[in-house]
Structures are given as structure tokens and as C-alpha cells.
Number of protein chains: 2
Amino acid sequence: MITMNGRNILVVEDEKKIAEIVKAYLEKEDFRVTVAERGEKALAVLKEGFALIILDLMLPDMAGEDICRAIRKDFDVPIIMLTAKSDEDDRVRGLGIGADDYMVKPFSPRELVARVKALLRRVKGSKDVLSFNGSDLVLDSTRFEVRKKASPVVLTPTEFKLLQCLAERPGQVFTRLQLVNVILGYDFEGYDRTIDAHVKNIRHKIEDNQRKPSYLKTVYGIGYKFTGLPDED
Amino acid sequence: MITMNGRNILVVEDEKKIAEIVKAYLEKEDFRVTVAERGEKALAVLKEGFALIILDLMLPDMAGEDICRAIRKDFDVPIIMLTAKSDEDDRVRGLGIGADDYMVKPFSPRELVARVKALLRRVKGSKDVLSFNGSDLVLDSTRFEVRKKASPVVLTPTEFKLLQCLAERPGQVFTRLQLVNVILGYDFEGYDRTIDAHVKNIRHKIEDNQRKPSYLKTVYGIGYKFTGLPDED
DNA sequence: AAAAAATATGAATAATTTATGAAAATAACG
DNA sequence: CGTTATTTTCATAAATTATTCATATTTTTT
């Protein structure tokens, strides 16, 4: 396995302008940036060693997911995937491609920088696994899998995204609208309350007592929140 | 550098229809919106102070990027750029100039509102926490939670809003009518005195001695006020 | 100190909000 | 194309909160 290099970032993006902007923003933060316009080139420079890779899902020569898998085969490097539409993130998450994070275009460059930093911080610590209540509940984003007291729990894609969204920020309260925006996309035309149904189903799968949930809690009049330490409020 | 104003948003957009829709959506979320149809006017009202600016890249009198630069020269205010169609160049231009985020038309107004909020949160440093009497009493808006001497106090939504409204301006006296307008909405048809009931319930939860409240004080003949330093009047 | 005015309080009732099971619509898959 | 899994909607039950009201208490005025 090849060593990764401190502040080197590889940007795989064929839209030159976007690549440039991303480069500019990252360099302003003291990262060194290499741009590859094609998947082929990306794979060629890989062995230079990068701390992180930003990868467009749509490239002229190869599918982003293939590149991602190719990278993952030999390198243990965090990847942020760029997708054009909100429904593509399903593919990113669902297919076990193994991206560590993803952003839907159009994205704010500041947010990208923030995520790069966050991801580097996270990765340095360990992998992409959220663990709660002393490993009683584990959310493994790279494997798209949840484990409850060590035994696997099967969540549907929407359920997983919902739980993940909440679990990433324990204690923070999300309104149904916020959750819809994040999980179903800004263009979702349906009803707020569909969130309730998913919450119910998730609770059924991860809570000991569905009537008295210890993880996924209701905040009356506002929305929902996740609590990592079931006892606390 | 000029101070920015809490919930004031400037929309610079010449297409009246779009401006109106944006305005309506933002006002529904309790923002105060000023619309400028031309760049010239935008620059003129700038000193009123805005928390955020939404700027169309294409304007009749001046290029959006010039306005953007002009704004940035004197104001440190977050900017969301609106660009027409999915013209890549425009998109990219917006970012290069130093917009914080951008959206491609046609966009969903819901998404715009969500991005506005996200950007404000990000810029503010996500400090939605009010702290009083040396952290004896803490109001945390993102967690929708009040803590009294470090232990959580559960307030109902109305109670929370009421307390928040008062606590945001310690010392300022609010009439019941003002409170009703802010908390229950201008269209509330009920009785003033419902506020009293909420005050009672809040006091029950946060005051040591409900008969001699140290935070939530009555101003006889007028209304109520919040005092951050319990000793002072 | 008594009367008047305003606020506090507890309890009853009304109104909202959430949970839930099942049906209908959609998407995914072979 | 039919079959299955998933997502969404819907109707209703259950839970929680908001409002009102009658009465007690406090504050102000005279």
C-alpha cells in the first residue's frame, strides 16, 4: 500500500473551469493540487501519493465509479465524489463504490474545502464508521451497513441516508423539511410526513422498544434528532 | 467594515417574477427582503446592512461580477450568485469572483431558502447558543434545548420560542401583544393572556423560585422581560 | 387600609402533532 | 412484462401541547 502525502490533493474533473476554481480554493488553504482531466491520467498519477481525491462521477473516458473502484483496489485514500444530480448520490452510496463523501453540483467551493478538511481530519483518526453507545449501534458508511449489538440490520437506502444524516450530528434537531432536502433532494415534490414513515421503520429495526426510542428521538413540534448516548436527552 | 443585519437579505434581480417569488419564500421564513432591480440601486442600498445578498449574474445595467467585486470591496457579506441556464461559464464565473455559493436557474425556491440558511449558519460560525449568568442558563437553538446548570430542560415549542424571543434581547420589555405577534403569528386570533400561561410554565421549569423569578420577570402593567444577570433588575 | 387593577395559577377543554398500520404508487429486478 | 421491494400517502388512534377560564394572589392607586 502506497503512502499518502500530507497535503496533496488530486482533482479528477474534466470541466476545466470547475477544476480551476476548486484548485484555486484549495491552494488558498495551502493544499497542493494536481488536476487530471481524464480517468486514465488520474490512474497514471496515482502512485505519486495523495492525501485525498476529488472525483467527478461523470468523465469522458471512464465512469467515475470504475475509477473509484480502481483506486480503491490499490490505495486507501479518501475520496469525495462529485455528482451532477441528487439522484446520482444513490448510486454512489448504494453500489458500494466506497466514496467517503460526495457533493451534488452545484456546490459551494467553501463547502468543498470544509469537507476536504473534515474528511482529512476524520480519516486520520480512522475509517468511516460511526459508533454509538459503546459499539452497541454501528453505522458503516463504506459498507452501507448498520449493526445492532454486532448483528447486522438491513436498512433500505432511504432509511440509511436518514439515519446517517441524523447520526452524523448527534443532538442536533432536524426539521422534516431539512431532512427531505438532504435525503430526498431539493426537488422532491412530495409530502413532509413521509419522513415519519421512515422514522417508524428505522425505529422498528434499531430500537429495542419502539415506543420509547433511545436513539432516534422525536422533538415535538420541530422534527427529529439522534442521540448517541441513549440515556441522555 | 459595516455591520450586517440579522435577517435582512438583499435580492438583486431584474426579473420581477423571480424576485417576487424569492422574496415571498424568504419572507415566509421570517427574513426581511429588499429587492433591487438594478446594480446601481443595489450598491446604493448596501450600507443599510444585509446579512446576505442574492445576486443575479445577469443584470441590465452592470455585470454581476462587477457588482460582486464592488460589494466585496467594502462589505464582508456572504453572496449567493444566480446564474442563467446551465451555462458552465456563468457558473464558473460566479465562483471565481468570490461568491460563496451559486445556483443555476431554474432553481427550486426551497433549495434557495435552504442554501440561504445553510450559508448564514456557516458564516455565523454556527453559534446559535445564548448563555447567561455564567452558563448557568443556556439556550441552544440548533439543539432546540435549554440547559439549566448543565442539565437539560425540556420546553415545548411555544415555550422555547417565547424564551428565545425574550432572551435575545435581555432587559427589553415586550408587551403581550408583541410576544403574541412574534411567537404565535400576526394572524393569531386568540387571547393575549395565553402568554401568561406560557410564562408560568417556563418559570416552573427554569426558575429556582417561581414566586421570585430571576430570569423571566414581570413588568407590571406592560409585559415581560428577560434578565441575563439575575441580580440586576 | 380598602378598592381597583393586573398578574399568577391550576384545571378543564380544545387544538395540534405524532405514531401507526395498511393501501396505493413507484421503482428495481429478473 | 410480471414480480418484488421500496417509497409514499392516507386514515385514524394516541400523545402532547395550547388555550381558556375561574379563582387566588399580588401590586398599584386612592
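Residues numbered from 1 in each chain as written. Chains lettered and ligands numbered in written order. Predicted model: local features only at pLDDT ≥ 70, side-chain atom pairs only at ≥ 80, totals over all residues. Heavy atoms only, no water.

Undergrad: Please provide a residue-by-residue account of the sheet that holds strand S9 (residues 151-153) of chain B, values included.
TA: The strands making up a sheet associate through backbone hydrogen bonding, with each pair oriented either parallel or antiparallel. Residue and element names in this part refer to chain B. Overall, antiparallel pairing links the four strands, which are arranged S6-S7-S8-S9 in an open sheet. Since the sheet does not close on itself, it has two edges, and those belong to strand S6 (129-132) and S9, each with one partner. Looking at each pair of strands side by side, their axes are set apart by 25° on average, direction ignored. Across three bridges, strand S8 (residues 145-148) lies against S9 in antiparallel orientation. Paired with Val146 across the bridge in S9 is Val153. Across the sheet, helix H6 (residues 157-167) lies against S6, strand S7 (137-140) and S8, angled at about 110° from S7, the strand it touches most. (Pairing = 2+ DSSP bridges. Helix = DSSP H or I, 4+ residues; strand = E, 2+ residues; numbered from the N terminus. Axes fitted to C-alpha atoms, helices over the stretch in contact; angles between N-to-C directions. Contact = heavy atoms within 4.5 Å.)

Undergrad: Describe the packing of aromatic side chains, naming the residues involved and giving the relevant values.
TA: Counting across every chain of the model gives six aromatic pairs over all chains. With a centroid separation of 4.7 Å and an interplanar angle of 40°, the aromatic rings of A:Phe144 and A:Phe160 are classed as tilted. In this pair, A:Phe144 is assigned in the loop between strand S7 (137-140) and strand S8 (145-148) and A:Phe160 in helix H6 (residues 157-167), connecting sequence segments 16 residues apart. For A:Phe160, a relative accessible area of 2% gives the class buried. Taken together, the aromatic side chains of A:Phe132, A:Tyr215 and A:Phe226 make up a single cluster linked through ring pairs. The lysine or arginine in question, A:Lys28, covers the ring of A:Tyr25, its NZ or CZ lying 4.5 Å from the ring centre. One Lys or Arg, B:Arg7, reaches over the ring of B:Phe31 and ends 4.2 Å from the middle of that ring. (Phe/Tyr/Trp six-rings, centres within 6.5 Å; stacked < 30°, edge-to-face > 60°. Buried < 20%, exposed > 50% of the residue type's maximum accessible area, 1.4 Å probe, protein only. Lys NZ or Arg CZ within 6 Å of the ring centre and 35° of its normal.)

Undergrad: Any chance you could break down H6(A) for me, citing the residues and the numbers?
TA: A large share of H6(A) lies buried, amounting to nine of its eleven residues. Within H6(A) the residues assigned to the buried category are A:Glu159, A:Phe160, A:Lys161, A:Leu162, A:Leu163, A:Gln164, A:Cys165, A:Leu166 and A:Ala167.

Undergrad: Outline the sheet that holds strand S6 (residues 129-132) of chain A, supporting the account with residue identities and numerical values.
TA: Residue and element names in this part refer to chain A. Taken together, four strands build an open sheet; the order of strands is S6-S7-S8-S9 and the sheet is antiparallel. Edge positions in the open sheet fall to S6 and strand S9 (151-153), since each of these has one partner strand only. Across the sheet, the axes of successive neighbouring strands diverge by a mean angle of 25°, strand direction being ignored. On top of the sheet, H6 reaches S6, S7 and S8; it is set at about 110° to S7, its chief contact.

Undergrad: Tell me about unusual backbone geometry, residues and numbers included.
TA: All names here are of chain B. One non-glycine residue, Asp30, adopts positive backbone phi at about 75°. As for its position among the elements, Asp30 is in the loop between helix H1 (16-28) and strand S2 (32-36). You can call Asp30 exposed: its relative accessible area is 55%.

Undergrad: Go over the interface of chain A and chain B, please, and point to the residues and values.
TA: With 28 residues of chain A at the contact, the number on the chain B side is 26 residues. Where chain A abuts chain B, roughly 2300 Å² becomes buried across the two surfaces, and 54% of that area is made up of carbon and sulfur atoms. If you sort the residues of chain A by the area they bury against chain B, A:Pro106, A:Arg110 and A:Tyr186 come out on top, with a joint share of 27%. One can count three residue pairs in polar contact (both at pLDDT 80 or more) joining chain A with chain B. Each residue belonging to the side of chain A that touches chain B can be placed in one class, and the counts come to 14 nonpolar, seven polar and seven charged. (Buried area = accessible area lost by both parts, 1.4 Å probe. Polar contact = N/O pair within 3.5 Å; in protein donor to acceptor, adjacent residues only side chain to side chain. Nonpolar A, V, L, I, M, F, W, Y, C, P; charged D, E, K, R; others polar.)

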